[in-house]
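Tertiary structure, described
Below, each chain spelled out in residue letters.
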Amino acid sequence: MIRTSERVIAVTFNVAWNDAGLDSILGELARRRAPATFFLTGDFAERHPAEVRRIAAAGHGLGNHSFSHPHFKDLDDEAGRQHEVMAADRALREAGAGRALTPFFRFPYSETSPAHIREVNALGFADIEYTADTNGWKGTEGGMTVERAVERAVDALRPGAILQMHVGASQGRTEVIDAQALPRILDALAARDYRVIDLRTLLTP
């Protein structure tokens, strides 16, 4: 949550599998002039450097989502966790993230612990999680629909909420529920007098 009483919400996307929904998402955000923050894995950045540059060129912020999206609790030691963070940072920079790159980190699977957050902070990153996830990443195979994704986003509306969605689809799927739901989610925000803000405003003293 962002500490505010204003009717504002931040929209974020995790990017790890592929870029299946990226064209639609970037197009819709541009049409609405809505900012977003994209949390990318280093592995994605290495495989899709042109897409990293597209997101940056569109004016959105880029955050770190680890290199290979592991369960941090399963990593043997602090050095391994540091490697995941810094290897992703290096991959994003080499892909051309440029000034769009933020000091924001989001843990894979949202598995956080106070100790792991302290480790990330020591590397110069702030942990940014979310108020609600649309669960669009589960796909129809996981029982999700566009309607349910929209409902989850609307139910989470409150001043300073951070919404998590996903770019791409797992297991070879091409349907991206969050990309389909985004126009309706943004319509719902506007209808309730909510404004989408850029998470990077948190960096302004």
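To be clear, the structure that these remarks concern was listed above.
Residue indices follow the written sequence of each chain, beginning from 1 at its first position. This being a predicted model, a pLDDT of at least 70 is required before a residue's local features are given, and a value of 80 or more before pairs of side-chain atoms are given or counted; all residues contribute to the totals for chains, interfaces and linings. As a rule here, side-chain values cover all heavy atoms of the structure and leave hydrogens and water aside.

1. So, the packing of aromatic side chains
Rule in force here: Aromatic rings from Phe, Tyr and Trp, with only the six-membered ring used for Trp, were paired whenever their centres fell within 6.5 Å, and each pair was classed as stacked if the ring planes differed by under 30 degrees, edge-to-face if by over 60, and tilted otherwise. We count a stretch as a helix when DSSP gives it H or I for four or more residues in a row; a strand needs E for two or more, and each element gets its number in order from the N terminus. Type-normalised accessible area, obtained with a 1.4 Å probe on protein chains alone, sets the label of each residue: buried when under 20%, exposed when over 50%, and partly exposed for intermediate values. Counting as a charge over the ring demands two things of the Lys NZ or Arg CZ atom: a distance within 6 Å of the ring centre and an angle within 35 degrees of the ring normal.
All told, the structure shown has four aromatic pairs when counted by the stated rule. Ring geometry for Phe72 and Phe105: centres 5.9 Å apart, planes at 50°, overall tilted. Linking Phe72 in the loop between β3 (61-64) and α4 (78-95) with Phe105 in strand β4 (residues 101-105), this pair joins segments that are 33 residues apart in sequence. Here the two residues Phe72 and Phe105 agree in accessibility, since each one is buried. Where Phe72 meets Phe107, the ring centres are 5.3 Å apart and the plane angle is 80°; that geometry is what we call edge-to-face. Of this pair, Phe72 sits in the loop between β3 and α4 while Phe107 sits in the loop between β4 and α5 (114-122), and the two are 35 residues apart along the sequence. Residue Phe107 is classed as buried on the basis of its relative accessible area of 1%. Aromatic ring contacts, followed pair by pair, group Phe72, Phe105 and Phe107 into a single cluster. Sitting above the plane of the Phe39 ring, Arg106 keeps its charged end 4.3 Å from the centroid.

2. Topic: the pattern of salt bridges
Worth spelling out the cut-off: The working definition used for a salt bridge is a side-chain nitrogen of Lys or Arg within 4 Å of a carboxyl oxygen of Asp or Glu.
Under the defined criterion, the tally for this structure stands at twelve salt bridges. A salt bridge links Arg195 to Glu6, with the nearest nitrogen and oxygen atoms 3.2 Å apart. Pair noted here: Arg195 is in strand β8 (residues 195-196) and Glu6 is in the segment before β1 (8-15), with a separation of 189 residues, a long-range link. Classification of Arg195 as partly exposed rests on a relative accessible area of 46%.

3. Focus on the packing of helix α1 (residues 22-32) against helix α3 (residues 49-57)
Going by this rule: Angular values range over 0 to 180 degrees, each being the angle between N-to-C directions of two axes fitted as lines to C-alpha atoms, with helices fitted over their stretch in contact. Relative orientations are named as follows: roughly parallel for angles under 35 degrees, roughly antiparallel for angles over 145 degrees, roughly perpendicular for angles from 65 to 115 degrees, and oblique for any other angle. The contact rule is simple, with two residues in contact once any of their heavy atoms fall within 4.5 Å. When residues are grouped by polarity, Ala, Val, Leu, Ile, Met, Phe, Trp, Tyr, Cys and Pro land in nonpolar, Asp, Glu, Lys and Arg in charged, and all others, Gly among them, in polar.
Contact geometry of α1 with α3 gives a least axis separation of 11 Å together with a crossing angle of 10°. With respect to each other, α1 and α3 are oriented roughly parallel. Counting all contacts with α1, which are made through Leu22, Asp23 and Leu26, the residues of α3 involved are Glu51, Arg54 and Ile55. Taken together, the residues that form the contact of α1 with α3 break down as three nonpolar, no polar and three charged.

4. Some details on the pairing of strand β2 (residues 37-40)
Quick reminder of the rule: Whether two strands pair depends on DSSP finding at least two bridges between them. A crossover counts as right-handed when, viewed with the strands pointing away from the observer, the path leading from the first strand over the helix to the second turns clockwise.
Because side chains alternate across β2, one face comprises the buried residues Thr37 and Phe39, and the other comprises Phe38 and Leu40, equally buried. Sheet topology places β1 next to β2; four bridges connect them, and they run parallel. Bridged to Asn14 within β2 is Phe39. Handedness of the crossover is the feature at issue here: the chain leaves β1, passes through α1, returns alongside β2, and the resulting connection is right-handed. Bridge analysis of β2 against β3 gives four bridges, and the strand direction is parallel. What sits directly across from Leu40, in β3, is Asn64.

5. Digging into unusual backbone geometry
For Asn135, which is not a glycine, the phi torsion comes out positive at approximately 65°. Turning to its location among the elements, Asn135 is positioned in the loop between β6 (132-133) and α6 (146-155). Judged by its relative accessible area of 13%, Asn135 is buried.

Everything listed here is a matter of coordinates, which is why it stays silent on function.
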